[in-house]
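# Structural characterization, general
Listed below are the residues making up each chain.
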Amino acid sequence: MPDHEAPRRHHRTMHPVEPVTPVAPRALRRTLFRQNWRDLVFLHWPADPFQVAGLLPPGTVPDLHNGRTYVGLVFFRMRDLAVGGTPAIPYFGSFDEVNVRLYSRDALGRRGVVFRSLECDRLVPVLAADASFRLPYRWSRIHSQWFDNRLLYRTSRRGTSNAGARVWLEVDNALMTPDPVEEFLTNRWGLHGHAFGRSYYLPTTHPEWSFRRCALLGWDDSLIAAGGLSRPEEAPVSALYAPGVPVRFGAPVSLSGT
């Protein structure tokens, strides 16, 4: 399916889509909050663009690369969450997270991600994210541990026995260059969401990714199916590891007419 035939729920003038760039194409006018992402693992599978279209906020469409869109399962450690220029929030500002994300673009051509779920092992950030941005955080049990050069993540959602994920990865110190699809999936400079009757775009910025060579040793997942998509049966088409980046978020911008 060509990119211009992406499923749409709104007929409107679409600006040219922004190019995929290794750094953010726009500077933030002001920093809303800051955080550090550590020990990131990205797993990706192809997804049905028509299925994805029904899960995106109004005013957005699936972002396609050579006619395909994807679903991502991302594991990482969140550290030193801070608001504006204030010091990092103690205890509640550091936690592990596992998210299911889709790939979107809006009428202005901005590429983003849309979260179907965000597992978190701290309850207070779950409540705060729901109250402010209506992000689908879920209170979960998450375990992460290094065994020499092997990294394990494991999560299970509290209150249910059928939503969880696991990844087991061997990491090399050698740098690796992502392919064009992986660049398309990881060079994302904002998120699209919907809160209080309006869709919004929340811009982000961080240094260029530095990926390390890795080998996927094992995985299991039921979070993607819990997020309304088909459960993956095959191995992911991409597995990436990044040591981490400092991240800044700007103020949300409303998508007009949504």
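Below is a summary of the structure that appears in this document.

About the cut-offs
Residues numbered from 1 in each chain as written. Predicted model: local features only at pLDDT ≥ 70, side-chain atom pairs only at ≥ 80, totals over all residues. Heavy atoms only, no water. Helix = DSSP H or I, 4+ residues; strand = E, 2+ residues; numbered from the N terminus. Rg over C-alpha atoms; globule rule 2.2 N^0.38 Å. Buried < 20%, exposed > 50% of the residue type's maximum accessible area, 1.4 Å probe, protein only. Contact = heavy atoms within 4.5 Å. Areas by Shrake-Rupley, 256 points an atom, 1.4 Å probe, with all protein chains shown as cover. Lys, Arg positive; Asp, Glu negative; His and termini not counted. Charge placed at Lys NZ, Arg CZ, Asp CG, Glu CD. Pairing = 2+ DSSP bridges.

### Some remarks on the overall build of the chain
- A tally of helices and strands in the chain yields 4 helices and 13 strands.
- Its C-alpha atoms give the chain a radius of gyration of 17 Å, near enough to 18 Å, the size a compact globule of 258 residues would have.
- When its C-alpha atoms are laid out on the principal axes, the chain stretches across 50 × 40 × 40 Å.
- A total of 258 residues make up the chain; the buried ones form 52% of that total.
- Contacts spanning at least 24 positions in sequence make up 73% of the contacts within the chain whose residues lie at least 6 apart.
- By element, 52% of the accessible surface of the chain is carried by carbon and sulfur atoms, the whole surface being about 11900 Å².
- Of note, the chain has its 31 positive side-chain charges centred 8 Å away from the centre of its 24 negative side-chain charges.

### A word on the pairing of strand β4 (residues 95-106)
- In terms of burial, β4 is largely enclosed, as 12 of its 12 residues are buried.
- With burial as the criterion, each face of β4 is covered, one bearing Phe95, Glu97, Asn99, Arg101, Tyr103 and Arg105 and the other bearing Asp96, Val98, Val100, Leu102, Ser104 and Asp106.
- One ladder, built from 3 bridges, connects strand β2 (residues 60-62) with β4; its direction is antiparallel. If you follow Thr60 over to β4, its bridge partner there is Asp106.
- Examined bridge by bridge, strand β3 (residues 69-83) and β4 share 8 bridges and lie antiparallel to one another. Residue Leu73 lies in a different strand from β4, and its bridge partner there is Val100.
- Pairing between β4 and strand β5 (residues 111-120): 9 bridges, direction antiparallel. Of the residues in β5, the one forming a bridge with Arg105 is Arg111.
- If you look at the hairpin formed by β4 and β5, you'll find 4 residues sitting between the two strands, and Gly109 has a positive phi there, around 85°.

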